[in-house]
Amino acid sequence: MGRTGVGSRDLVLGTVCLTMAGALVWMSRDLKAIPGQHYGADTLPNVIAALSAAVGLWMVVSGLRGGADASPGDDELAAMQAEAATLRDPHWARKPASWARLAAAVMLVLAYMALSVPFGFLPAALVTLLGMLLLMGVRPFTALLIAVPAIVATRYAFGDLLLVPLPRTPFLGGW
């Protein structure tokens, strides 16, 4: 299996990323500053646009070079495609375990909604994110290593930087 089309695919996807970045910047240009802050409502869209532009530029450069540096080898690509084929199951809806995982995910979201007010964002988000990661098959210790920094970073970004009021955790000093 050759690498034909990989460079052109990177070129096209990179161009799409660059176009989306430009559209984000254009659409967020009229968003007003938030009173009392040094940044406005355009901050997050512009950060996303910058990241999208960086990825798009990297993909365009990779595509122009033929995609050789960014593409997996033939054997690695074949292994990735074989693994992806095993993950696609057209009969997933007939399996009770699939429906049980879906119900568990919905229950975790409902649990977050119920737990966030009395216990605060941090514990409710930890339970929800840990549960979702475990549903996806992540090992418990790895899930904990992912969930704790993710919820702390989310709490800091939304609660402190963007000043979005999140439910306070009473037993962690209101954080």
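Let me sum up the structure you'll find in this document.

Thresholds applied
- Residues numbered from 1 in each chain as written.
- Predicted model: local features only at pLDDT ≥ 70, side-chain atom pairs only at ≥ 80, totals over all residues.
- Heavy atoms only, no water.
- Helix = DSSP H or I, 4+ residues; strand = E, 2+ residues; numbered from the N terminus.
- Expected span 1.5 Å × (residues − 1).
- Buried < 20%, exposed > 50% of the residue type's maximum accessible area, 1.4 Å probe, protein only.
- Arc of directions from axis to C-beta.
- Contact = heavy atoms within 4.5 Å.

### Things to note about helix α6 (residues 140–161)
For α6, built from 22 residues, the straight-helix expectation of 32 Å at 1.5 Å per residue is met to within 8% by its first-to-last C-alpha distance of 30 Å. Listed as buried for α6 are Ala143, Ala147, Ile151, Arg155 and Gly159. Take α6 and look down its axis: the buried residues cluster within an arc of 80°, on one side only. In this structure, α6 carries Phe141 and Leu145 as exposed residues pointing more than 90 degrees from its buried face. Along its buried surface, α6 packs onto α5 (121–135). Positive backbone phi, at 55°, marks Leu163, one or two positions downstream of α6.

### Considering the side chain of Ser116
Mapped onto the secondary structure, Ser116 falls in helix α4 (residues 96–119). The class for Ser116 is buried, based on a relative accessible area of 6%.

Purely spatial values, then, with no claim about function.
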